[in-house]
Amino acid sequence: MKVLFFSDVHGSPESVTLLRRQIDRLAPEQLVLLGDVLYHGPRNPLRPDYAPQLVVEQLNGLKERITAVRGNCDSEVDQMLLAFPIMSEYATLLADGRHFFLTHGHHWGPGNPPPLPAGAVLACGHTHIPQLEVLENGIVAFNPGSVSLPKGGCKASFGVYEDGTLRICELESGNEMMSMQLQQS
């Protein structure tokens, strides 16, 4: 199974256009949106291309393939426009027998992981900084970064799971930034 992970869109249609190119190129069966879809948030700059209505149109066209969770900038008003659910604080995904815990990262995250078994993947966004590492408790912390507002000197990025490997890739080029082969479950 191939799953594409993305987070922290913050109302940027230009970023979703770049993401759609990667979706077309990679052809994932499932898309995971880790929150912060439309609103830029009070701590983030307003992008020049900020147009949440266009993002709604772009993402609603993918509604059958998206599993999404609520970010700290997502609201009930946003849900009224989106044709797929975004209001859950977390979701789970089983891919190739691997357990993924999906959340935005503002409640559960690498510094405050949920009770998961070693080898499970904690997939979250929120920091806008890519992360791929095994925590002391054996949980894999996976943050695909942000498609629209990368922080910490990083480039806009997204993540992919395929054949037991997690990868984080640059949004524009699709080039791999980091990867990890997961242990057999």
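In case you missed it, the structure is sitting above this.
These numbers come from a predicted model, not from an experiment.

Go over the nonpolar core, please, and point to the residues and values.
Phe6, Leu33, Leu59 and Phe158 are the most contacted members of the largest nonpolar core, which has 27 residues in total. Going through the elements one at a time, strand E1 (2-6), helix H1 (13-26), strand E2 (30-33), helix H2 (52-60), strand E3 (66-68) and strand E9 (157-162) are the ones with two or more residues in this core. The element that contributes the greatest number of residues to this core is H1, accounting for five residues. Excluding its chain neighbours within four sequence positions, the residues that come into contact with leucine 33 are Phe6, Ser7, Val9, Leu59, Ile66, Thr67, Ala68, Val69 and Phe84. Among the nonpolar cores identified, the runner-up in size contains 20 residues, and Phe5, Leu102, Val121 and Leu182 belong to it.

Can you explain the sheet that holds strand E5 (residues 98-103)? Please cite residues and give values.
Pairing in this open sheet of five strands is mixed, and the strands run E4-E5-E6-E8-E7 from one edge to the other. Here the strands that pair on one side only, and so sit at the sheet edges, are strand E4 (90-95) and strand E7 (131-134). Adjacent strand axes in the sheet meet at a mean angle of 20° when their direction is disregarded. With four bridges connecting them, E7 and strand E8 (residues 140-143) associate as antiparallel partners. If you follow valine 134 over to E8, its bridge partner there is valine 140.

Can you lay out H1 for me, pointing to particular residues and giving the numbers?
With 14 residues, H1 should reach 20 Å at 1.5 Å per residue; the first-to-last C-alpha distance of 20 Å fits that figure. Summarising the contacts, the buried residues of H1 are in contact with E1, E2, H2 and E9. Looking one or two residues beyond H1, the residue adopting positive phi is alanine 27, at roughly 55°.

Residue-level account of unusual backbone geometry, with values.
One non-glycine residue, aspartate 8, lies in the positive phi region at around 55°. As for its placement among the helices and strands, aspartate 8 is situated in the loop between E1 and H1. A relative accessible area of 0% places aspartate 8 in the buried class. Backbone geometry at histidine 10 places phi at a positive 50°, although glycine is not the residue there.

Give a description of the environment of proline 42 that names residues and reports values.
By secondary structure assignment, the location of proline 42 is in the loop between E2 and H2. The sequence separation of proline 42 and cysteine 73 amounts to 31 residues, and the corresponding C-alpha distance is 8.7 Å.

Lay out the sheet that holds E3 with the relevant residues and their values.
The mixed open sheet is built from six strands, whose spatial order is E3-E2-E1-E9-E10-E11. With one partner strand each, in any of the chains shown, E3 and strand E11 (176-181) form the two edges of the open sheet. Taking the axes of each pair of neighbouring strands and ignoring which way they run, one obtains an average angle of 20° across the sheet. In this structure, E1 lies alongside E9, joined through four bridges in antiparallel fashion. In the strand pairing of E9, lysine 2 is matched with glutamate 162.

Can you tell me about the side chain of arginine 98, naming the residues and giving the values?
Relative to the helices and strands, arginine 98 resides in strand E5. Of note is the side chain of arginine 98, whose polar atom sits 2.7 Å from the backbone oxygen of glutamine 183.

An account of the packing of aromatic side chains is requested, with residue identities and associated values reported.
Inspection of the entire model under this criterion finds five aromatic pairs. With 5.2 Å between their ring centres and 70° between their planes, phenylalanine 100 and tyrosine 161 make a pair best called edge-to-face. Separated by 61 residues along the polypeptide, phenylalanine 100 in strand E5 and tyrosine 161 in strand E9 bring together distant segments of the chain. Overall, the relative accessible area of 0% leaves tyrosine 161 in the buried class. Clustering of aromatic rings is evident, with ring pairs tying together Phe5, Phe100, Phe142 and Tyr161.

For a nonpolar patch on the surface, give the residues involved together with the corresponding values.
On the surface, a cluster of nonpolar side chains totalling about 350 Å² of accessible area is made up of Val77, Met80 and Leu81. With respect to the element layout, methionine 80 can be found in helix H3 (residues 76-81). Accessibility expressed as a relative area gives 71% for methionine 80, which makes it exposed.

Criteria and cut-off values
- Residues numbered from 1 in each chain as written.
- Predicted model: local features only at pLDDT ≥ 70, side-chain atom pairs only at ≥ 80, totals over all residues.
- Heavy atoms only, no water.
- Core = buried A, V, L, I, M, F, W, Y, C linked by side-chain atoms within 4.5 Å.
- Buried < 20%, exposed > 50% of the residue type's maximum accessible area, 1.4 Å probe, protein only.
- Helix = DSSP H or I, 4+ residues; strand = E, 2+ residues; numbered from the N terminus.
- Contact = heavy atoms within 4.5 Å.
- Pairing = 2+ DSSP bridges.
- Axes fitted to C-alpha atoms, helices over the stretch in contact; angles between N-to-C directions.
- Expected span 1.5 Å × (residues − 1).
- Polar contact = N/O pair within 3.5 Å; in protein donor to acceptor, adjacent residues only side chain to side chain.
- Phe/Tyr/Trp six-rings, centres within 6.5 Å; stacked < 30°, edge-to-face > 60°.
- Patch = residues over 30% accessible without salt bridge, like charges linked within 9 Å, V, L, I, M, F, W, Y side chains within 5 Å.
- Areas by Shrake-Rupley, 256 points an atom, 1.4 Å probe, with all protein chains shown as cover.
- Salt bridge = Lys/Arg side-chain N within 4 Å of Asp/Glu carboxyl O.

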